[in-house]
Amino acid sequence: MYRHRRWLQIIGALLALGIYAGSWHVVGIDLRKLVEPQAARRAQEIFTAFLTPEILVPERGIQRVEVPVRVPCESGNIPETAEVGEGPRLFLPPCASPGTQIRIRGEGFRPGSELVLRWVFAPSPQLPLGGELLAGRTRTDAAGHFELDVEIRPLLAQEGGARLQAEARWEGRWQISPALTRTMELTLQTIFLALMATTLATGVAAPLSFLAARNITARGPVGTAVYYLTRTIFNVVRSIEPLVVAAIFATWVGFGPFAGVLALTVATVVNLGKLFSEVIETIDPGPVEAITATGANTLQVIRYAVIPQITLPFLAFIIYHWDINVRISTVVGFVGGGGIGYQLKLWIDQTDYHKAGTAVWAIIAVVSAMDYVSARLRETIR
Amino acid sequence: MPLIVDRLTKIYPDGTRALHEVSFTVEDGEFVAIIGLSRAGKSTLLRCINRLIEPTSGRVIWNGIDITAASPRELRRIRRQIGMIFQQFNLVKRATVLTNVLTGRLGYVNPWLSLLGYFPPSEVQRAMQALERVGLADLADKRADELSGGQQQRVGIARALMQEPRLLLADEPVASLDPVLAHSILRYIEELNRKDGVTVLCSLHFLDLVHRYATRVIGLKDGIKVFDGRPDEIDDRRFKEIYGQEAERIGG
Ligand SMILES: Nc1ncnc2c1ncn2[C@@H]1O[C@H](COP(=O)(O)OP(=O)(O)OP(=O)(O)O)[C@@H](O)[C@H]1O
Ligand SMILES: [Mg+2]
C-alpha cells in the first residue's frame with residue numbers, strides 16, 4: 001500500500017516534468033530573445049518613446065508664393081516690376097537677362113520667419129523631371145517684409161526662365177499635440193463606452209437576477225427550472241472572455257465603439273446578474289415575510305421588502321463594474337471595440353511610439369482615477 | 001366567526017415533522033397564548049394559519065372560508081385582514097417609520113400606484129393615527145433602524161393596525177425585549193383584543209406573561225398539542241407535560 005503510493009508519486013512527478021518540458025518547447029520560450037542586441041534596441045526605442053509621450057508640439061506654419069520669370073528679356077524690353085499673389089506678395093521684374101541680378105521684394109509674409117527662394121523648373125528635354133535650384137535665403141523682418149538680390153544663372157537662360165518660389169517657414173508656440181487631443185477624446189469615449197455598457201447591462205441584469213435568485217424563483221417545478229436555466233446561461237456566458245465576444249461583435253457590426261459596447265454589455269450582464277442574484281439571496285427574509293402577511297402581491301413584496309434591501313449593494317456593484325469595464329474596454333479596443341485601445345493599436349502598428357506613449361499614459365491615468373473614484377463612491381454609499 | 005384549525009400537519013422537505021394533527025377552535029375575541037419549548041412548532045403553527053408556510057395536510061377555516069384551499073387572490077384578501085407581528089419586528093430597516101406603517105395597507109390600496117410609492121392622503125392620515133395610537137407620531141420620518149427595539153415593535157403593531165385586522169398572529173412579540181418593554185407591548189396587544197375585539201394568537205415564552213394576558217393557552221410539544229385550557233389550569237403535572245420532566249417551574 002505504502003510502496004504503491006510512492007510509485008504513484010514518482011510517476012506523477014515524471015508526468016508533471018514531461019508536461020512542463022513539452023509546454024516550454026511548444027510555447028517557444030527563449031529568454032535570449034529578450035536581450036538580443038536588436039531586440040534590446042527595439043525595446044529601448046519603445047520604452048524611451050513611451051517615457052516621452054507626445055504631449056506638446058510646436059505650431060508649424062508655411063507660406064508659399066510662385067511667380068514666373070522669363071530669361072532672357074525679349075528685344076529691348078525694360079522690365080517693370082510685377083506684383084503677384086494674395087496675402088503674401090512678391091514684387092519682381094517679369095523677365096531678366098542672364099548674368100544680371102534682380103531685386104526681389106516680398107510683403108505680407110509672417111514676420112520673423114525663415115525665407116527660402118528657389119527656382120522651380122518645368123520638365124523639359126534637358127530636365128525631363130523638372131527641377132529645383134536654390135536662389136537664396138533670408139528672414140522676413142518685423143513687418144513681414146524682405147528684400148533680396150538674386151543672380152540670374154546660365155541654367156535659367158538655357159531653360160527660358162523658371163518660376164520663382166518664395167517659401168516662408170516658422171515654428172510657433174508650443175501647443176497641445178493632435179495626438180493628445182485625440183487621446184483625450186478617445187479616453188472620454190472609453191469612459192462613456194464603459195458607462196453605456198454598464199447601464200445597459202444593469203437594465204438587463206437587474207430583472208434577470210431575480211430569476212436567478214433561489215429565494216425568489218425556486219418555488220415549484222416551473223420556478224426551479226427557470227432558476228437553474230438562468231444560472232446555467234450565466235455560467236456558460238461568463239466562461240467566454242469579453243475579448244472573444246468583442247472580436248465576434250466587431251465582425252458582426254463592424255469595428256468601432258458600438259461593437260465594444262455590445263461586448264462589454266454581454267459580459268457585464270452575466271457578471272452583474274450573478275452578483276445581483278447573490279445579493280437577493282442574502283437579504284433578510286423577515287420583511288418579505290411581514291409584507292407578504294399584509295396581503296401584498298408579489299410585485300408589492302419586491303417593491304417594499306426586497307428593493308430597499310438591495311438598492312445600495314446593487315449600486316456598489318454597478319460602480320465597481322463600471323470601473324472594471326473602463327479597464328476592459330481599453331483592451332477590447334485592440335480587437336476592434338473602439339475607444340482608446342483601438343487608437344493605441346493603430347499607433348503601435350504605425351510605429352508611432354511617442355503617440356502610443358501618450359495613449360498608454362492616458363490609460364494608466366484613467367484606470368487609476370476610476371479605481372480611486374469607484375472606491376470612494378462605494379465607501380460613501382455603504 | 002370562529003377560527004377552526006383541523007388536523008393541521010406540517011412536514012418540512014427535510015422530513016422534520018413540525019406539526020402533527022393539531023386541532024382546535026378559537027372563538028372571536030379570545031386571547032390565545034401558544035406555549036411550548038423551543039422547536040415545539042409554535043412559529044410553524046402561526047405561519048400555517050395565514051399560509052406563510054404551506055401546511056402539508058389539514059385545514060384552517062376562518063369566517064367559514066377554507067384558507068388552506070384559497071386561490072392566491074383569495075389568500076391575499078384573507079391575509080390583509082390578519083395582522084402579524086414578529087419577534088424580530090421584521091421592519092424594512094432602510095424605509096421610514098411612516099412607510100413601514102403604510103405597508104400594512106398594501107392589500108387594500110391600488111397595487112399599481114403603490115408600486116410607484118404612492119399612498120392616498122387618507123391612508124397617510126390613517127397611518128399617522130396608527131402611529132399616534134402607539135405613541136410614535138413624532139418619529140414618523142425617522143428611518144426604522146434608528147429606533148430602539150421597543151419602538152420598532154410598536155411600529156410593527158401600527159403596521160398591523162393598518163390592516164384593521166379581525167385576527168392578530170403574534171410570534172413571540174416580546175422575546176427580544178426586556179421585561180418592562182414586554183409588558184408595554186403586550187398591553188397594546190391586550191387593548192386591541194379588549195377594545196377592538198381582535199382575536200389574538202400569540203406565542204409566548206414566559207408563563208407569567210401567559211397568566212397576565214391570555215384567556216386561553218394551547219401547549220405544543222414536538223408538534224403535538226399537549227394542552228388546551230385556561231392559564232390557571234396549568235399545574236405542575238401539565239407544566240411537565242408541556243416543558244418536559246426536567247423542567248423546573250420558576251415564577252408564574
Ligand atoms: N424551514 C424549515 N425547514 C426545516 N425544518 C424547519 C424549518 N423551520 C422550522 N423547522 C423545524 O421545525 C420544528 C419546529 O420549528 P418552529 O420554528 O415552528 O418551532 P418554535 O416552537 O417556533 O421554536 P422557537 O421557540 O425556537 O421559535 C423545529 O424542529 C425546526 O427545526
Ligand atoms: Mg419560533
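Parameters at a glance
- Residues numbered from 1 in each chain as written.
- Chains lettered and ligands numbered in written order.
- Predicted model: local features only at pLDDT ≥ 70, side-chain atom pairs only at ≥ 80, totals over all residues.
- Heavy atoms only, no water.
- Axes fitted to C-alpha atoms, helices over the stretch in contact; angles between N-to-C directions.
- Helix = DSSP H or I, 4+ residues; strand = E, 2+ residues; numbered from the N terminus.
- Parallel < 35°, antiparallel > 145°, perpendicular 65-115°, else oblique.
- Left-handed = near helix turned anticlockwise from the far one by under 90°.
- Contact = heavy atoms within 4.5 Å.
- Nonpolar A, V, L, I, M, F, W, Y, C, P; charged D, E, K, R; others polar.
- Pairing = 2+ DSSP bridges.
- Expected span 1.5 Å × (residues − 1).
- Buried < 20%, exposed > 50% of the residue type's maximum accessible area, 1.4 Å probe, protein only.
- Arc of directions from axis to C-beta.
- Near = heavy atom within 4 Å.
- Polar contact = N/O pair within 3.5 Å; in protein donor to acceptor, adjacent residues only side chain to side chain.
- Areas by Shrake-Rupley, 256 points an atom, 1.4 Å probe, with all protein chains shown as cover.
- Domains from an automatic or database assignment.

1. Notes on the packing of helix H10 (residues 285-293) of chain A against helix H11 (residues 298-332) of chain A
Residue and element names in this part refer to chain A.
1) Next: Direction vectors running N to C along H10 and H11 enclose 160°, while the axes themselves pass 9 Å from each other. If you check the angle between H10 and H11, you find them roughly antiparallel. Crossing geometry of H10 relative to H11 is assigned as right-handed. Counting all contacts with H10, which are made through Pro-287, Val-288, Ile-291 and Thr-292, the residues of H11 involved are Gln-300, Val-301, Tyr-304, Ala-305, Val-306 and Gln-309.
2) Next: Residues belonging to the contact of H10 with H11 are distributed by class as follows: seven nonpolar, three polar and no charged.

2. Section: the sheet that holds strand E2 (residues 17-26) of chain B
Working definition: the strands of a sheet are paired by backbone hydrogen bonds and lie parallel or antiparallel to each other.
Residue and element names in this part refer to chain B.
1) Next: Taken in spatial order, the four strands make up an open sheet running E2-E1-E4-E5, and their pairing is antiparallel. The open sheet has two edge strands with one neighbour each: E2 and strand E5 (65-66).
2) Next: Looking at chain direction, strand E1 (residues 3-11) and E2 are connected through six bridges and run antiparallel. Counterpart to Leu-3 in the pairing with E2 is Val-26.
3) Next: Across the face of the sheet, helix H1 (residues 42-49) comes into contact with E1, E2 and strand E4 (57-62) while running at roughly 60° to E2.

3. Things to note about helix H13 (residues 353-381) of chain A
Residues and elements named next belong to chain A.
1) Next: Across its 29 residues, H13 extends 42 Å between first and last C-alpha, which sits within 8% of the 42 Å expected from 1.5 Å per residue.
2) Next: Along H13, the residues that are buried comprise Tyr-353, Ala-356, Gly-357, Thr-358, Ala-359, Ala-362, Ile-363, Val-366, Val-367, Met-370, Ser-374 and Ile-381.
3) Next: Buried-residue contacts for H13 involve helix H3 (37-51), helix H5 (178-211), H11 and helix H12 (339-349).

4. Side note on helix H9 (residues 236-243) of chain B
Residues that lie three or four places apart on an α-helix share one face, since the helix turns once every 3.6 residues.
Residue and element names in this part refer to chain B.
1) Next: Buried residues of H9: Phe-239, Ile-242 and Tyr-243, and no others. Considered in projection along H9, the buried side chains sweep an arc of 80° and stay on one side of the axis.
2) Next: Taken from the residues just after H9, Gly-244 is the one with a positive phi, measuring 95°.

5. Comments concerning the site of ligand 1
Residue and element names in this part refer to chain B.
1) Next: Surveying the vicinity of ligand 1 reveals 14 residues, the closest of which are Ser-38, Arg-39, Lys-42, Ser-43 and Thr-44.
2) Next: Here an oxygen atom of ligand 1 sits 2.4 Å away from a polar atom, N or O, in the side chain of Thr-44.
3) Next: When ligand 1 is considered free in solution it has 630 Å² of accessible area, and contact with the protein chains removes 68% of it.
4) Next: Across the shell around ligand 1, the residue classes break down as four nonpolar, six polar and four charged.

6. What about the domain arrangement of chain A?
1) Next: Here chain A is described as being made up of domain 1 (59-175) and domain 2 (178-381).
2) Next: With centres defined by C-alpha atoms, the gap from domain 1 of chain A to domain 2 of chain A works out at 64 Å.

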